[in-house]
Amino acid sequence: MSKTFQPDKSAVKMGSVVQVFALALVIAALSEWMGPLPIELGIGKVVLLPMIWALLIGLVLGLLHQRLPRPVKLDLHGQHFAAAVLSCALFLFIAKLGLLVGGSLPQLSKVGWALALQELGNLIGCILLGMPVALLLGIKREAIGATFSIGREPGLAIVGERFGMDSPEGRGVLAEYITGTLIGAIFISLLAGLVTSLNIFHPFALAMGAGVGSGSMTAAAVGAVAAQHPEMADQIATYAAAANLIATTLGTYLTLFISLPLAVRAYRWLEPILGRNRKAVAIDNGAAQQPVDEVHTPYLKLGMRLLSWVMGGLTVLIANRVGHGIPMLDALPGVAIMIGVVLVGDLIYLGTRRKLPAVCWISFVAMAMTFPSTPYAAEVAALTGKVNFFAMITTMLTFAGLSLAKDIPAFRRLGWRIVVVSLLANAGVFLAAAAIAQFFVGSL
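As a starting point, this report considers the structure included with it. (Residues numbered from 1 in each chain as written. Predicted model: local features only at pLDDT ≥ 70, side-chain atom pairs only at ≥ 80, totals over all residues. Heavy atoms only, no water.)

**Points about helix α6 (residues 119-136)**
Alright, step 1. Counted at 1.5 Å a residue, the expected span for α6 with its 18 residues is 26 Å, and the 27 Å between its end C-alpha atoms agrees.
Alright, step 2. At Gly130, α6 is bent by approximately 30°, the largest bend along its length, and proline Pro132 sits one to four residues beyond. (Helix = DSSP H or I, 4+ residues; strand = E, 2+ residues; numbered from the N terminus. Expected span 1.5 Å × (residues − 1). Bend = angle between axes of the 7 residues up to and from the residue.)

**Quick word on empty space enclosed by the protein**
Summary: where empty space remains is shown by rolling a probe the size of a single water molecule over the atoms.
Alright, step 1. Scanning the model with the defined rule gives 2 cavities of 30 Å³ or more in all.
Alright, step 2. In this model, the largest cavity occupies a volume close to 110 Å³.
Alright, step 3. Along the wall of the largest cavity there are 12 residues; nearest its centre are Ile94, Ala241, Asn244, Leu245 and Ser363.
Alright, step 4. Contributing elements (two or more residues each) for the lining of the largest cavity: α3 (76-103), α12 (233-274) and α15 (358-370).
Alright, step 5. It is α12 that provides the largest number of residues to the lining of the largest cavity, a total of 5 residues. (1 Å grid on protein atoms, 1.4 Å probe; cavity = no way out; pocket = protein on both sides within 12 Å on 5 of 7 lines; lining within 4 Å. Points joined across faces, edges and corners; volume = space filled by probe spheres on them.)

**Describing the side chain of Glu176**
Alright, step 1. Here Glu176 lies in helix α9 (residues 168-197).
Alright, step 2. Within the structure, Glu176 has its side chain in polar contact with the side chain of Ser422 (distance 2.9 Å).
Alright, step 3. Ignoring sequence-local partners within four residues, the contact set of Glu176 consists of Ala146, Ser149, Ile150, Gly151, Arg152, Ser422, Ala425 and Asn426. (Polar contact = N/O pair within 3.5 Å; in protein donor to acceptor, adjacent residues only side chain to side chain. Contact = heavy atoms within 4.5 Å.)

**Re the packing of aromatic side chains**
Alright, step 1. The final tally for this structure, using the stated rule, is 4 aromatic pairs.
Alright, step 2. Aromatic pair Phe21 and Phe81: ring centres 5.7 Å apart, planes at 80°, arrangement edge-to-face. One end of the pair, Phe21, is in helix α1 (residues 14-34); the other, Phe81, is in helix α3, with 60 residues separating them in the sequence.
Alright, step 3. For Phe81, a relative accessible area of 1% corresponds to the buried category.
Alright, step 4. Between Phe21 and Phe399, the aromatic rings sit 6.4 Å apart at their centres with planes inclined by 85°, giving edge-to-face as the arrangement. With a gap of 378 residues between them, Phe21 in helix α1 and Phe399 in helix α17 (residues 389-404) connect regions that are remote in the sequence. The two residues Phe21 and Phe399 agree in class, both being buried.
Alright, step 5. Each residue in the set Phe21, Phe81 and Phe399 is aromatic and connected to the rest through ring pairs, giving one cluster. (Phe/Tyr/Trp six-rings, centres within 6.5 Å; stacked < 30°, edge-to-face > 60°. Buried < 20%, exposed > 50% of the residue type's maximum accessible area, 1.4 Å probe, protein only.)

**Some thoughts on the environment of Ala205**
Alright, step 1. Along the polypeptide, Ala205 turns up in helix α10 (residues 203-210).
Alright, step 2. Along the sequence, Ala205 and Gln438 sit 233 residues apart, while their C-alpha atoms lie 5.1 Å from each other.
Alright, step 3. Excluding residues within four positions of it along the chain, Ala205 makes contact with Ala434, Ala437, Gln438 and Val441.

**Some points on the packing of helix α14 (residues 328-351) against α15**
Alright, step 1. At a minimum axis distance of 8 Å, the contact between α14 and α15 shows a crossing angle of 130°. Judged on the interaxial angle alone, α15 and α14 are oblique. Classified by chirality, the crossing of α15 by α14 is right-handed. Within the contact between the two elements, α14 uses Ile337, Val341, Val342, Val344, Gly345, Asp346, Ile348 and Tyr349 and α15 uses Ala358, Trp361, Ile362, Val365, Ala366 and Met369.
Alright, step 2. Its residues placed into classes, the contact of α14 with α15 shows 12 nonpolar, 1 polar and 1 charged. (Axes fitted to C-alpha atoms, helices over the stretch in contact; angles between N-to-C directions. Parallel < 35°, antiparallel > 145°, perpendicular 65-115°, else oblique. Left-handed = near helix turned anticlockwise from the far one by under 90°. Nonpolar A, V, L, I, M, F, W, Y, C, P; charged D, E, K, R; others polar.)

Here you go:
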């Protein structure tokens, strides 16, 4: 994996800690207060949800930090700390989804094949849509790294081990990573909202398509789909959670053994046809321009991770109250249960020497707590049901927004071609998975 993405274990600045958590509370409340804004596009519509406001407000604060007064002057240290908190806060969202899945396992078994086979969309959709366009735009071997997956951390590790991060394939997956980190959630939210409004796919198929293996992108897509089908919101979140769990566990291995070899073969076959007369475009990863003392995302120890979960929970409570009218004391037990689930899952992850991702253990613990045969499952489901998952999505993307500005310099170096290819790869994953799932759930 590229050195750029290895955690920096230097001490966290307490000023950044206080500032990030305080800004998150204000931004989440403000975003929920602003509410959704539907925009008609003729063939369909997109809805700018509170989570999009949260992303944009955080991004603006980071971009304009040199011109803002000290209380909202979010420097690089603060932006990188927000990125570290986001990784922790997403565990709360995973716990919420796991709690929904546990009580719905009998229902999910009815569409088991849809959940299993939609993962094929994750494997081939990005290649089918992204690879031809990349070659037509003059991108060469970088297209392999940019289109074999959605380019999250497992993708970085796979390409880094196979080709090296200084290779063209490494530059391609790095470009996909940066594009997805910076605008992936916004893009997938708008795309999912537009596709939902066209009424081509069943909402459950779109939900399964949303489970792409990225917490922030899944949250954004789920929110966009559920916003247009509020009567199915919990079921949409349930199907997305199950699909995301498959993508997180089996998806990494399927990516390694199927989609990456497939991308290599597709490049060898298509490049002589589509790219033969195209002028090659080099993709600069900017590594040579990185300063030696560059700030990195800090590694959060258990105590700081616990603080992140508690403050993330508090932000959820406020967003839940402002946007959905649920008193904080009523939702507090549900948030406490989710924090407990995350803590137990994280400790199991550490105790098993990180052999499975933490999100898997958290999902397993959460599902076990609401499985119909578990004692007090109904009571746990009732308590956690008072925590609206839209409020949780707004909270997650608040921290994402606060962390985005640090990636703008790298984003500018990528060039518009690789950005287009990266977004098409993300769109291909969502659309292909939804199309496959549609064959199984279209009659529901």
